[in-house]
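Spelled out from the first residue to the last, the chains are:
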Amino acid sequence: MTVRTIGIIGGGQLGRMLAMAAARLNFRTVILEPQADSPAAQLADRQIVAEYSDPVALGELAALCDVVTYEFENVPVEAAEMLARNVTVFPPPKALQVAQDRLTEKRFLNGCGIETARFHAVDSQADLEAALADFAGKGVLKTRRMGYDGKGQRVFRGPQDRPEGGFAALGGVPLILESFVAFEREISIIAARDPDGAIACYDPAENVHRDGILDTSTVPARISPATATTARDAAARLLTALDYVGVVGIEFFVLPDGALIANEIAPRVHNSGHWTEAACIVSQFEQHIRAIAGLPLGDPLRHSDCVMTNLIGDDIDAVPAWLSRSNVLVHLYGKSEARPGRKMGHVTELK
Ligand code: AMP
């Protein structure tokens, strides 16, 4: 397969950064996104303005591209499967199916020998009460689908947090109750696999969230070499089990004894991997493009320690101050309006 044109489903900042990386390697990009003038479309060769599941648009995308990828995990699986009948789709649609449902995801991770929090499916108020009773009243209740940045969640800290109305409060949709993990810190690993099965892992990042949204990623993470190896092994097992091609992000909780509990997977480039553009020769974005285009994977070696900070909402006002500092790479996403909670850009400071 000779790849000249890469299709990207989704027009957000991740698509934008993928399009930039693709351009540097001489690829053309086509974005499928319902919103006109999206961050990705501003830098791509072409945009198809249509819903992600529009069959005509998907046909057009398949005809224009040699390989199609995606920048968010809620692409309808049926759309990805329809596309895959006409054009190569990387990562495989199976990865979307696994990542879209927290229950399927946890079962798949456990099937790969990767530990997660204990969990119960919750499809009714009675299920919730039984599940909470099993976890001594403590747990995190989450929607199985479409949750992100801590949305669609409720924490039960003990029997004092009454379960009444808990099922309905999250919309009466299928839920999962996870046992409460008393973690010491949160880390993530960004890894890539190519069509021949070669795997490259970046160093794990230590992540801090603010209001449920990633605030900073610091590398190196304060973990032992053994914990880092556990994260790499988990990534390799997951990528191989999914016959995956492209970049994946896996988030973990680190327990006080260094053991890892996988929280979730993102079948795409990930916010906690943005630091790689400043602290590695080959960023996660280029790595993803290389993998899906069948080019050799880049060396994931980190040449510097660093801290990546997201610019959320009004944080964008601090850009002039960031720009006046040395050793800081500023990356803005082309969004005209700074709303609270909206990711406007990020900065990575080399240490
Ligand atoms: P998530 O949407 O699954 O990434 O969860 C958002 C944040 O909530 C995580 O980054 C953790 O800080 C916290 N959290 C999620 N699940 C659990 C859990 N089972 N135990 C403790 N904290 C959790």
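See the structure printed just above.
Here the residue numbering is sequential within each chain, running from 1 through the sequence in written order. Where totals are concerned, whole chains, interfaces and linings use all residues; where local detail is concerned, this predicted model gives features only for residues with pLDDT of at least 70, and gives and counts side-chain atom pairs only at 80 or more. Note that water and hydrogens are dropped before the side-chain values are worked out from all heavy atoms of the structure.

Engineer: Help me understand empty space enclosed by the protein, please; the structure alone is not making it clear to me.
Structural biologist: The gaps left among the atoms become clear once a water-sized probe is rolled over them. Using protein atoms alone on a 1 Å grid, points that fit a 1.4 Å probe yet trap it form a cavity, whereas open point sets bounded by protein on both sides within 12 Å along at least five of seven lines form a pocket; residues with an atom within 4 Å of a point count as lining. Grid points are joined across faces, edges and corners, and a volume is the space filled by probe spheres set on the points. Taken as a whole, this structure holds one cavity of 30 Å³ or more when the rule is applied. Considering only enclosed or pocket space, the largest cavity measures out at about 30 Å³ in volume. Lining the largest cavity are Glu-186, Ile-187, Asn-207, His-209, Glu-251, Phe-252, Phe-253 and Asn-263. Every helix listed is a DSSP run of H or I at least four residues long, and every strand listed is a run of E at least two residues long, numbered separately from the N terminus. Counting residues per element, the lining of the largest cavity draws most heavily on strand 14 (residues 246-254), which supplies three residues. Note on residue categories: nonpolar means Ala, Val, Leu, Ile, Met, Phe, Trp, Tyr, Cys or Pro, charged means Asp, Glu, Lys or Arg, and polar means any other residue, Gly included. Here the residues of the lining of the largest cavity are counted per class, giving three nonpolar, three polar and two charged.

Engineer: What is the right way to read the site of the ligand from this model?
Structural biologist: Here a residue is near a molecule or strand as soon as one of its heavy atoms is found within 4 Å of it. Close contacts around the ligand come from 16 residues, with Lys-142, Gln-153, Ser-179, Val-181 and Glu-186 the closest. Definition of a polar contact: a pair of N or O atoms within 3.5 Å, with one able to donate and the other able to accept a hydrogen when the atoms are protein atoms, and with sequence-neighbouring residues admitted only if both atoms are side-chain atoms. Here Gln-153 contributes a side-chain N or O atom positioned 2.6 Å from an oxygen atom of the ligand. At 3.1 Å, a side-chain N or O of Asn-263 approaches an oxygen atom of the ligand. About the coverage of the ligand: the protein hides 87% of its 480 Å² of free accessible area. Those elements that place two or more of their residues in the shell around the ligand are strand 7 (138-143), strand 14 and strand 15 (260-266). Looking at side-chain class alone, the shell around the ligand contains five nonpolar, five polar and six charged residues. Built from parts of two domains, the shell around the ligand gets at least three residues from each of domain 2 (118-178) and domain 3 (185-350). Areas reported here follow the Shrake-Rupley algorithm with a probe of radius 1.4 Å; residue values treat only the protein chains shown as occluding. Where each domain begins and ends follows an automated or database-derived domain assignment.

Engineer: In this structure, what is going on with the sheet that holds strand 4 (residues 67-70)? I would like to understand it.
Structural biologist: Whether parallel or antiparallel, the strands of a sheet pair through hydrogen bonds between backbone atoms. A pair of strands counts as paired when DSSP detects no fewer than two bridges linking them. Pairing is parallel in the open sheet, where five strands are placed in the order 3-2-1-4-5. Edge positions in the sheet fall to strand 3 (46-48) and strand 5 (88-89), since each has one partner strand and no second. By the bridge criterion, five bridges tie strand 1 (residues 5-9) to strand 2 (residues 28-32) in an arrangement that is parallel. Across the sheet, the residue bridging to Ile-9 is Leu-32, located in strand 2. Across the sheet, helix 1 (residues 13-24) touches strand 1 and strand 2, and the angle it forms with strand 1 is around 175 degrees. In what follows, a contact means two residues having at least one pair of non-hydrogen atoms within 4.5 Å. Lines fitted to the C-alpha atoms define the axes, with helices restricted to the stretch that makes contact. Angles between their N-to-C directions range from 0 to 180 degrees.

Engineer: Would you mind showing me how to read the pairing of strand 1 here?
Structural biologist: Within a regular strand, side chains alternate between the sheet's two faces. Burial classes follow relative accessibility: with a 1.4 Å probe on protein chains only, a residue under 20% of its type's maximum area counts as buried, one over 50% as exposed, and anything between as partly exposed. Burial within strand 1 is extensive, with five of its five residues counted as buried. Both faces of strand 1 are covered, namely the face carrying Thr-5, Gly-7 and Ile-9 and the face carrying Ile-6 and Ile-8. In terms of handedness, the path from strand 1 via helix 1 over to strand 2 forms a crossover that is right-handed. As judged from the four bridges shared by strand 1 and strand 4, these two strands associate in the parallel manner. Looking across to strand 4, one finds that Ile-9 is bridged to Tyr-70. With strands facing away from the observer, any crossover in which the path from the first strand over the helix to the second runs clockwise is taken as right-handed.

Engineer: Any chance you could explain helix 2 (residues 55-64) here in plain terms?
Structural biologist: Given 3.6 residues per turn, any residue in an α-helix points the same way as the ones three and four places further on. For helix 2, the complete set of buried residues consists of Ala-57, Leu-58, Leu-61 and Ala-62. Down the axis of helix 2, the buried set is contained in an arc of 140 degrees. They therefore lie on one face. What points out from helix 2, more than 90 degrees from its buried face, is the exposed set Val-56 and Ala-63. Check the buried side of helix 2 and you find it contacts strand 1, strand 2, strand 3, strand 4 and helix 3 (77-84). At the N-terminal boundary of helix 2, the capping side chain belongs to Asp-54, with an oxygen 2.9 Å from the backbone nitrogen of Val-56. An arc is given here, and it is the one of the directions from the helix axis to the C-beta atoms.

Engineer: Just to check I follow, could you spell out the pattern of salt bridges for this structure?
Structural biologist: Pairing between side chains becomes possible if they bear opposite charge and their charged atoms approach one another. Each reported salt bridge corresponds to a side-chain nitrogen of Lys or Arg within 4 Å of a carboxyl oxygen of Asp or Glu. Scanning the entire structure with this criterion turns up 23 salt bridges. Across the pair Lys-142 and Glu-178 runs a salt bridge whose closest N-O atoms are separated by 3.1 Å. Residue Lys-142 is located in strand 7, and its partner Glu-178 is located in strand 9 (residues 175-178); the two are separated by 36 residues in the primary sequence. Residue Lys-142 is classed as buried on the basis of its relative accessible area, which comes to 5%. Of the charged contacts, one joins Arg-325 and Glu-349 as a salt bridge, the two residues approaching to 2.9 Å between their closest N and O atoms. Of this pair, Arg-325 sits in the loop between helix 11 (319-323) and strand 17 (328-332) while Glu-349 sits in strand 18 (residues 343-350), and the two are 24 residues apart along the sequence. Looking at Glu-349, the relative accessible area reads 16%, which means it is buried.

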